[in-house]
Amino acid sequence: HVANALEAFRQERSLPVIQARQFIEEQVQSQEKSLKTAQTALTAFRLRYNINSVQAEADAVQSTIRSYRNSQKMAIVKADEAEALAESYRQQAEAALKKSEAAATHDATATADFYRGLAQSSLSNATQQEAYAAGQKAAQQRYDLLATQMGSRLAELVGIEGQYQTLSDNVSNARKQYSFLL
């Protein structure tokens, strides 16, 4: 009887410890589920927007926009330089044609032929520079379009930053609470 009484007394005294252990185990399981739910939500968000970090993505987009704008400015400069060169070549061609005509009136055939060749070469160079300028103007427009598109992406990232931060904070808080219970 004494042994039974002692065993009953031990069980009665250990009941709060057993209940506490069960409560803590339930809390650990609950918090583990909360952590997995928060991680799943964050992962789904990252996959939906194809990002790992909104801030890192925004930084990359801003860098890309700056690069496009710099390239656009360079294309403008190159187009202006090419147009100026084309104009210079056209003036050289015009001057060479006048000299060719003047030489032809004085029966200087070799000299006239030389200046005609120079005029043709200058016109060819002018045409090449004009084509290059047109290409640079097209590049300028393309860079502008790309920068505008990236600007839209940046606006989207700014718009989702709060949601991302909330999801990220949820994961962090759930992880802290789970770790605390362990």
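Per chain, the residues get numbers from 1 upward, laid out in the order the sequence is written. With pLDDT at 70 or above as the cut-off, local features in this predicted model cover only qualifying residues; side-chain atom pairs require 80 or more to be listed or tallied, and sums for whole chains, interfaces and linings still use all residues. Based on all heavy atoms of the structure, the side-chain values leave hydrogens and waters out of the count.

### What about the nonpolar core?
What we call a nonpolar core is a set of buried Ala, Val, Leu, Ile, Met, Phe, Trp, Tyr and Cys residues that are connected through their side-chain atoms within 4.5 Å. Working definition: with a 1.4 Å probe on protein chains only, accessible area under 20% of the residue-type maximum means buried, over 50% means exposed, and in between means partly exposed. If you look at the biggest cluster of nonpolar residues, it comprises 19 residues, and the most contacted ones within it are F45, I51, V54, L157 and I160. Contributing elements (two or more residues each) for this core: α1 (2-49), α2 (54-105) and α3 (109-181). Per the convention used, a helix needs a DSSP run of H or I reaching at least four residues, while a strand needs a run of E reaching at least two, with both numbered from the N terminus. Considering every element that reaches this core, the biggest residue donor is α3, with eight residues. Only heavy atoms enter the contact rule, under which two residues are in contact if any of them lie within 4.5 Å. For I51, the contacting residues outside a window of four places in its chain are F45, R46, E57, R153, L157 and I160.

### Regarding unusual backbone geometry
Even without glycine at this site, N50 takes up a positive phi of about 55°. Along the chain, N50 falls in the loop between α1 and α2. Classification of N50 as exposed rests on a relative accessible area of 65%. Despite not being glycine, D107 has its phi angle at roughly 60°, a positive value. Along the polypeptide, D107 turns up in the loop between α2 and α3. Judged by relative accessible area, which is 70%, D107 ranks as exposed.

### A closer look at the environment of V77
Within the secondary structure layout, V77 lies in helix α2. C-alpha of V77 to C-alpha of Q140: the two residues are 63 residues apart in sequence and 9.9 Å apart in space.

These figures come from the coordinates and say nothing about function on their own.
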